[in-house]
Amino acid sequence: MLKLINGGVVAPLGFKAWGLHAGIKPGTPDDRMDLGMLVSEQPCTAVGMFTTNVVKAEPVLLDMEVLKNGRAQAVIGNCFIANACAPDGMETAQKTQALAAAALGLEPSDVLVSSTGVIGVRQNVEAIEAAIPALTAGLTDDPSGSDRMAHAIMTTDTVKKEFACEVELGGKPVRIGGISKGSGMIHPKMGTMLCFLTTDAAISADLLNNALHAAVGASFNRISVDGDMSTNDTCVVLANGLAGNPVITEEGSDYEDFSAALKEICIALARLMAKDGEGATHLLTCTVSGCESEEKAEALAKSVINSSLTKAAIFGADANWGRVLAALGYAGVPFDPKTVDVSFASAKGELPVCQNGMGVPFDEDKAKDILLEEEVIIHCNMNEGTASVTCWGCDLTYEYVKINGDYRT
């Protein structure tokens, strides 16, 4: 049985973290953290997933190389500068890696490097170098370490994203923790996100990789804020085995329980990212049910959460279900419009607005009450099968344009 616990990425045994203000971007306030570190006291089985954008940031390329052997022990990450398409990009990524490794007494190949922020700007490696002694000195397994690292990777995020849980595997309590950042430039697969997951589970690299792919597929690959795919998306998981459970080397009940727990943590983080979309005032959840297949349901749900007109209607608390039906229609998968039912729901109740592809009378005042809630749910029943998929997005507001109109300057 899974239970939520405190501690984020330091909840599992053997992990420490910290974050601080390094001054990576000149002019930022001294209390604005921008550099974080995570380390395990033991070498870890490690796997990762990265942006599918052809244009990849140098830290992504470096981490992909590091993880080829399925091992890592530490992560150093920063915000404000993405180190993508930037002067001396790989050189500065490797120098950051080497500096962190030397401070931790590790080999550079044990250290992952992650960055997020503005593209095309040289990484301020001098500020990172000056801050590393204090960063490593601060490392702690107290929950404050996870909290500070979660804040140190935020860009336009307004809240930290952090979760941890415990599950019993082979008679041993096993913990999984995670932090992530992401607010804008979010679109499968994946979004402008950094996500660091930790666990004290003992598990083979192959099965850890399978579990991560399943978790990301059901979470981060099912969110969208603005339809823009990043150059820096990184999601890694480190497993140090300190829980003492029998090593998971084949599929079975322990693997299924671990995979389910990892998926729940990723879904929780993904929902926070969608809710914290740049300028957002609503979390937009779309569940497509009654579909022939999961793949088809996912394509339909993604089309709805990506629809600018649907997102704008949610911002205005306008029950314009026609936007939803139109978004389903251009998802690129076949269906019979005459069998589709649509309803809007929230904590204030649920209201059918379309049945069998046609509008039905509804109370506009009740609809507005439903759509004014923080989370708005769009239910689309295709009435053609049994598959169901949920995706998450947010509304489109004036503030989104304002944030991105002057993001670089």
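Structural data are supplied above this passage.
About the cut-offs
- Residues numbered from 1 in each chain as written.
- Predicted model: local features only at pLDDT ≥ 70, side-chain atom pairs only at ≥ 80, totals over all residues.
- Heavy atoms only, no water.
- Core = buried A, V, L, I, M, F, W, Y, C linked by side-chain atoms within 4.5 Å.
- Buried < 20%, exposed > 50% of the residue type's maximum accessible area, 1.4 Å probe, protein only.
- Helix = DSSP H or I, 4+ residues; strand = E, 2+ residues; numbered from the N terminus.
- Contact = heavy atoms within 4.5 Å.
- Pairing = 2+ DSSP bridges.
- Axes fitted to C-alpha atoms, helices over the stretch in contact; angles between N-to-C directions.
- Patch = residues over 30% accessible without salt bridge, like charges linked within 9 Å, V, L, I, M, F, W, Y side chains within 5 Å.
- Areas by Shrake-Rupley, 256 points an atom, 1.4 Å probe, with all protein chains shown as cover.
- Salt bridge = Lys/Arg side-chain N within 4 Å of Asp/Glu carboxyl O.
- Lys, Arg positive; Asp, Glu negative; His and termini not counted.
- Charge placed at Lys NZ, Arg CZ, Asp CG, Glu CD.
- Parallel < 35°, antiparallel > 145°, perpendicular 65-115°, else oblique.
- Left-handed = near helix turned anticlockwise from the far one by under 90°.
- Nonpolar A, V, L, I, M, F, W, Y, C, P; charged D, E, K, R; others polar.

Draft legend 1. Molecular detail of the nonpolar core. Counting 38 residues, the largest nonpolar core has Leu197, Ile203, Leu212, Phe220, Cys235 and Phe258 as the members making the most contacts within it. Sorting the residues of this core by element identifies β3 (35-50), β6 (161-169), β7 (172-181), β8 (194-199), α5 (205-217), β9 (234-239) and α6 (253-275) as the ones contributing at least two each. For this core, the element with the most residues is α6, which contributes eleven residues. Residues contacting Ile203, with those up to four places away along its chain left out, are Thr45, Leu208, Ala239, Val247, Ile248, Tyr255 and Phe258. Formed by 34 residues, the second largest nonpolar core is a distinct cluster that contains Leu284, Phe344, Ala367 and Ala387.

Draft legend 2. Representation of the sheet that holds strand β12 (residues 349-355) within the structure. With respect to topology, six strands assemble into an open sheet ordered β13-β12-β11-β14-β10-β15, the strand pairing being mixed. Each edge of the open sheet carries a strand with a single partner, namely β13 (358-359) and β15 (387-394). Two strands pair when backbone bridges link them, and strand β11 (residues 341-346) and strand β14 (residues 375-381) are joined in this way by five bridges, in the antiparallel orientation. Within β14, the position partnered with Asp341 by the bridge is Asn381. Relative to β12, helix α10 (residues 364-371) is tilted by about 120°, and along the sheet it contacts β11, β12 and β14.

Draft legend 3. Geometry of a negative patch on the surface. Taken together, the side chains of Asp318, Asp363, Glu364, Asp365 and Asp369 define an acidic patch exposed on the protein surface. Looking at Asp318, the relative accessible area reads 40%, which means it is partly exposed.

Draft legend 4. Local environment of the packing of helix α7 (residues 294-306) against helix α9 (residues 321-329). With their axes 8 Å apart at the nearest point, α7 and α9 run at an angle of 135° to one another. Considering the angle they form, α7 stands oblique to α9. Handedness of the crossing formed by α7 with α9: right-handed. Across from Leu300, Ser303 and Val304 in α7, the residues of α9 making contact are Val324, Ala327 and Leu328. For the contact of α7 with α9, the per-class residue count stands at five nonpolar, one polar and no charged.

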